[in-house]
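Commentary on secondary and tertiary structure
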Amino acid sequence: MKKKTAPPPAGKGLRGRDFISIDDCSTKEITALLRLGAAMKANPKKYRRALDGKMMALIFEKPSLRTRTTFTVGMSQLGGDSILLTPADISLGKRESVYDVAKNLERMVDGIMIRTFAHAICTSMALNARIPVINGLTDHEHPCQAMADFLTIRECRKNLRALKLAYVGDGNNVAHSLMLIAAKLGATLFLGTPAAHKPDPAVMERAGALARDEGGAIHWSEDPAAAVRGADVVYTDTWASMGQEDEAEARRAVFTPYRVNRALFGLAKKDALFMHCLPAHRGEEVTDEVIDSPNSVVFVQAENRLHVQKAIMFELLRD
Ligand code: CP
Ligand code: NVA
């Protein structure tokens, strides 16, 4: 078995590695991936044979528009192909164990993207498959989203280290990956979440330490206004993530003060960006007047999933 719990020493590149957490990559590696994503966006034709003949398995245990489309289109644009595996096909962990699926797929394809519930399923797939595994969202992290988010911010703002980002709402998977990437890139992130829905304390601690090393900071407050005041970027996500549908009603009451409406968004800088990973629940975590305003870059974020994931797949799967 090849594996692979910690990243190899810097300089070995990303070839053959997994992309499970933003914390799998150094600041230098993240910066290089963002640069390659931007180059692929600017000149897609140059990369159309980059992964000639390579095959990705795309495992989805939750629904998806953006992740499924961008991985499928991205692989095709790089000269490779992909196969979709849904619960109806493989019933991961029920019809067959994660270990057995990993040991089969490593003989058939060149890489695996997995969207699942428990983060441990994703790490177990990565540990057992001798091919790169990419996290397409778990309950704990959404690293490809965070990469697309920073590709988007990088297009709009020159100095990432001078940025003040605000994330308001649920301290969830998207918040975790955003905290880690903001910290690694030396930005300052203010989180505004209900006390009962703070991000995982281990991620808070890790992101805080990384931010201190890079000259940034991670702050938390229960007050959404304190988080948003003076921000360059205001980010939110759904109040009830996939798998939490039963809690949606109860969460609505707790999260209402965190809705990004004109009044809350108005506390940010005049030219602040509004960001959301999508799907958005219009009228809940964000109002139409904010998500449809000229400050909103939500569809650029969605497009940038394609470009940055092409960069990630290329670096992991290249010969
Ligand atoms: N943002 C995101 O991951 O979208 P999907 O759930 O549609 O893939
Ligand atoms: N936090 C959301 C993100 C969807 C892309 C969820 O996990 O459902």
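Preceding block: the structure.
So, a few notes on the structure that sits alongside this text. As a convention, each chain's residues are numbered from 1 in the sequence order in which they are written. All chains are assigned letters beginning with A, and all ligands numbers beginning with 1, in the order in which they are written. Local features are withheld for residues below a pLDDT of 70 in this predicted model, meaning they are given only at 70 or higher, and side-chain atom pairs are given and counted only at 80 or more; totals for whole chains, interfaces and linings count all residues. Excluded from the side-chain calculations are hydrogens and water; all other atoms, namely the structure's heavy atoms, are used.

So, the overall build of the chain
Strands are runs of DSSP state E lasting at least 2 residues, helices are runs of H or I lasting at least 4, and numbering of each runs from the N terminus. Along the chain, the regular secondary structure elements total 13 helices and nine strands. By its C-alpha atoms, the chain is 55 × 40 × 35 Å across when sized along the principal axes. Sorting the 319 residues of the chain into buried and exposed places 56% on the buried side. Between two residues, a contact is recorded if the distance between any of their heavy atoms is within 4.5 Å. Sequence-distant contacts in the chain: of pairs separated by 6 or more residues, those separated by 24 or more amount to 75%. A 1.4 Å probe and the Shrake-Rupley method give the accessible areas. Residues count as covered only by the protein chains that appear here. Carbon and sulfur atoms make up 53% of the accessible area of the chain, which totals about 13,500 Å². The charge count includes Lys and Arg as positive and Asp and Glu as negative, but it does not include His or the ends of the chains. In plain terms, the charge of a residue is placed at NZ if it is Lys, CZ if Arg, CG if Asp and CD if Glu. Side chains of the chain carry 43 positive and 38 negative charges; the gap between the two charge centres is 7 Å. Relative accessibility thresholds used throughout: buried, under 20% of the residue-type maximum; exposed, over 50%; partly exposed, between the two (1.4 Å probe, protein chains only).

Structural notes on the site of ligand 1
Near residues are defined by distance, with any heavy atom within 4 Å of the molecule or strand qualifying the residue. Close to ligand 1 lie Ser 64, Leu 65, Arg 66, Thr 67, Arg 115, His 142, Gln 145, Cys 277, Leu 278 and Arg 305, which account for all nearby residues. N or O atoms closer than or at 3.5 Å make up a polar contact, with two conditions inside protein: a donor-capable atom paired with an acceptor-capable one, and, for residues adjacent in sequence, both atoms drawn from side chains. Taking Arg 66, its side chain carries an N or O atom lying 2.8 Å from an oxygen atom of ligand 1. A distance of 2.8 Å separates an oxygen atom of ligand 1 from a polar side-chain atom of Arg 115. For the shell around ligand 1, the class distribution of residues is three nonpolar, four polar and three charged. Three classes are used: nonpolar for Ala, Val, Leu, Ile, Met, Phe, Trp, Tyr, Cys and Pro, charged for Asp, Glu, Lys and Arg, and polar for all others, with Gly counted as polar.

A short note on the side chain of Thr 238
Tracing the backbone shows Thr 238 in the loop between strand 8 (233–236) and helix 10 (248–255). Within the structure, Thr 238 has its side chain in polar contact with the side chain of His 281 (distance 3.3 Å). Not counting chain neighbours up to four residues away, the residues in contact with Thr 238 comprise Asp 170, Asn 172, His 276, His 281 and Glu 285.

Examining the packing of helix 1 (residues 27–42) against helix 13 (residues 298–317)
Only the stretch in contact is used when fitting a helix axis, every axis being a line fitted to C-alpha atoms; angles between N-to-C directions are given from 0 to 180 degrees. With their axes 8 Å apart at the nearest point, helix 1 and helix 13 run at an angle of 110° to one another. Judged by the inter-axis angle, helix 1 sits roughly perpendicular to helix 13. Along this stretch, helix 1 crosses helix 13, giving a crossing that reads as right-handed. Of the residues in helix 13, those in contact with Leu 33, Leu 34, Leu 36, Gly 37, Met 40 and Lys 41 of helix 1 are Val 300, Glu 303, Asn 304, His 307, Val 308, Lys 310, Ala 311, Ile 312, Phe 314 and Glu 315. Angular relationships are summarised with four words: roughly parallel below 35 degrees, roughly antiparallel beyond 145, roughly perpendicular across 65 to 115, and oblique for the angles in between. Should the near helix be turned anticlockwise from the far one by less than a right angle, the crossing is termed left-handed; should it be turned clockwise, right-handed.

Thoughts on the pairing of strand 8
The alternating pattern of strand 8 places Val 233 and Tyr 235 and Val 234 and Thr 236 on opposite faces, both of which are buried. Strands were regarded as paired on the criterion that DSSP finds at least two bridges between them. As paired strands, strand 8 and strand 9 (residues 273–276) are joined by four bridges and run parallel to one another. Bridging across to strand 9, Val 234 finds its partner in Phe 274.

By themselves these figures say nothing about function.
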